[in-house]
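Examining the three-dimensional arrangement
Each chain is listed here by its residues.
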Amino acid sequence: MLIWRLRRALDDPNLKLESRWQRYTTFTRGYLAREAAGLPVVGAVASLLRGVGLIVLPIGAILFGAPLLVILMFVVFTTSPILVPLAHLLYGGAIAYQVSGSIVREREKGTYDQLCALPPGSVGLHWAHATSWLLDHRALRTLAVAMVLVGTATTLFGSVSLFGLTYTGTSALLFWVLSCACVIALLTIDHYSTQVTATLLGMTLPASVNSISTVRISTVTLFVLVQVSAYLIGVLSAGVVLPTLYRLTNASSEMIALTLPTITLLVFTAYREWIIRRLWAQFRSAVNATPAEMEALC
């Protein structure tokens, strides 16, 4: 799947290209390793706070932490069907906003054409800006992954209610197992495709837009539209189209339990894969890259 290939390439951009690109230090300045700078005073204060924390935190956790944790877990678990898509919207929106703006900023500084003249070309310039931002902001991805884990835990206890159906006996167990597996897979695919979709949009639009404000608004808007359309496809498949077909065909409960989660997952995945392939083709056209250059990226 192109989703997985691009997601893996964005997570480790130097996997295939390090020997080719590291020679151009000006070009690769965005994702070169950074050394953490530390101050002695800051280190001393941090050590003091850690020592105090070893005493204060356990007491605070006993008195206040447990009740607050129970309340927080209840709120998060009950609202996770909304929080997970929202977290992905915010995460992808941040990627689209920052990546597109950083590329257009090269135009404003007058360095875009010079950087595109280097051997990696415009495709390499756009790719380096995208991957450098992703590498520098891994904390955002960690938060998005945390929401996927919350959604996974919620799915194990309430996946049947996500599809609005209940069964008894063997059908109930079959539906629970399949729906859990399919929803967890859907959350994972949504996380991967969110990053890839936002990155592709963030790299494509700056090739033809020169204004930072315009490219950021346009990129984020398109990303939100793509995300919402994918969610609508999944909801309509599971909540409208398939139930209607089942009623018209008088499908058995076993058939519904077997096909509803799996078909919904297949439809959602196929749509995300189709969108990413279209965006991948648009990116290639925007930067005028050859097939070999595109293949080298992932």
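Along each chain, the written sequence defines residue order, and numbers are assigned to residues from 1. It should be noted that, the model being predicted, local features are given only for residues of pLDDT at least 70 and side-chain atom pairs only at 80 or more, the latter also being counted only at that level, while totals for whole chains, interfaces and linings use all residues. Side-chain calculation: all heavy atoms of the structure are included, whereas hydrogens and water are not.

**Some thoughts on the overall build of the chain**
Put simply, DSSP marks the helices as runs of H or I at least four residues long and the strands as runs of E at least two long, and each gets a number from the N terminus on. Looking only at helices and strands, the chain has ten helices and zero strands in total. When a residue's accessible area, from a 1.4 Å probe over protein chains only, is under 20% of the maximum for its type it is buried; when over 50% it is exposed; and in between it is partly exposed. Counting only residues that meet the buried cut, the chain has 42% of its 298 residues in that class. Taking as baseline every contact in the chain between residues at least 6 positions apart, the subset at least 24 positions apart corresponds to 81%. For the chain, the accessible area works out to roughly 15900 Å², and carbon and sulfur atoms hold 71% of it. Pairs of residues are marked as contacts when any of their non-hydrogen atoms sit within 4.5 Å. All accessible areas in this document rest on Shrake-Rupley with a 1.4 Å probe, and a residue is counted as covered only by the protein chains that are shown.

**A closer look at the nonpolar core**
Residues belong to one nonpolar core when they are buried, are Ala, Val, Leu, Ile, Met, Phe, Trp, Tyr or Cys, and are joined through side-chain atoms within 4.5 Å. Grouped together as the largest cluster of nonpolar side chains are 49 residues, with contacts concentrated most on Leu6, Trp127, Leu200, Trp280 and Phe283. Among the elements that make up this core, the one with the highest residue count is helix α9 (residues 253-287) (nine residues). Those residues in contact with Leu6 that sit more than four places away from it in its chain are Trp127, Val196, Leu200, Ile276, Trp280 and Cys298. Residues Phe175, Leu242, Tyr246 and Leu260 belong to the second largest nonpolar core, which totals seven residues.

**Digging into the pattern of salt bridges**
Salt-bridge detection follows one rule: a side-chain nitrogen of Lys or Arg within 4 Å of a carboxyl oxygen of Asp or Glu. For the coordinates displayed, the defined rule picks out four salt bridges. The partner of Glu295 in a salt bridge is Arg5, and the shortest N-O contact between them spans 3.5 Å. A residue pair is termed long-range when its members are at least 10 positions apart, and Glu295 in helix α10 (residues 291-297) and Arg5 in helix α1 (residues 2-11) qualify at 290 residues. As a salt-bridge pair, Glu273 and Arg277 come within 2.9 Å of each other at their nearest N and O atoms. Taken together, the residues span about one helical turn, with Glu273 and Arg277 both in helix α9 at a distance of four residues. Given the relative accessible area of 11%, Glu273 is considered buried.

**Topic: unusual backbone geometry**
A positive phi angle, close to 55°, is found at Asn250, a residue other than glycine. Tracing the backbone through its elements, the reader meets Asn250 in the loop between α8 (212-249) and α9. Among the residues examined, Asn250 registers a relative accessible area of 68% and is labelled exposed. Even without glycine at this site, Asn288 takes up a positive phi of about 55°.

**Details of the packing of α8 against α9**
Close contact between α8 and α9 brings their axes to 10 Å; oriented N to C, the two are set at 150°. The angle between α8 and α9 places the two elements in the roughly antiparallel class. The chirality of how α8 crosses α9 is right-handed. Counting all contacts with α8, which are made through Val226, Gln227, Ser229, Ala230, Tyr231, Ile233, Gly234, Ser237, Ala238, Leu242 and Tyr246, the residues of α9 involved are Ile256, Thr259, Leu260, Ile263, Thr264, Val267, Phe268, Tyr271, Arg272 and Ile275. All residues other than Ala, Val, Leu, Ile, Met, Phe, Trp, Tyr, Cys, Pro, Asp, Glu, Lys and Arg, Gly among them, are scored as polar; the first ten of these are nonpolar and the last four charged. A breakdown of the residues in the contact of α8 with α9 according to their chemical character gives 14 nonpolar, six polar and one charged. In this description, a line fitted to the C-alpha atoms serves as the axis of each element, helices being fitted only across the stretch in contact, and the angle between N-to-C directions of two axes falls anywhere from 0 to 180 degrees. When an angle is under 35 degrees it counts as roughly parallel; over 145 it counts as roughly antiparallel; between 65 and 115 it counts as roughly perpendicular; any other value is oblique. Each crossing gets its handedness from the near helix: less than a right angle anticlockwise from the far helix is left-handed, clockwise is right-handed.

**Some remarks on the side chain of Thr197**
In this fold, Thr197 is placed in helix α7 (residues 170-204). Residue Thr197 is classed as buried on the basis of its relative accessible area of 0%. A polar contact is formed between the side chain of Thr197 and the backbone oxygen of Ser193, at a distance of 2.7 Å. Dropping the residues within four chain positions of it, Thr197 is found in contact with Phe223, Val226, Arg272, Ile276 and Leu279. In the analysis that follows, any N or O atom pair within 3.5 Å is treated as a polar contact, provided that within protein one partner can donate a hydrogen and the other can accept it, and provided that, for residues neighboring in sequence, both atoms belong to side chains.

**Side note on the environment of Leu186**
Inspection of the secondary structure assignment puts Leu186 in helix α7. Residue Leu186 is classed as partly exposed on the basis of its relative accessible area of 21%. Taking the C-alpha atoms as reference points, Leu186 and Thr269, separated by 83 residues in sequence, lie 7.5 Å from one another. In contact with Leu186, other than residues within four places in its own chain, are Leu265 and Phe268.

Geometry only, nothing functional implied.
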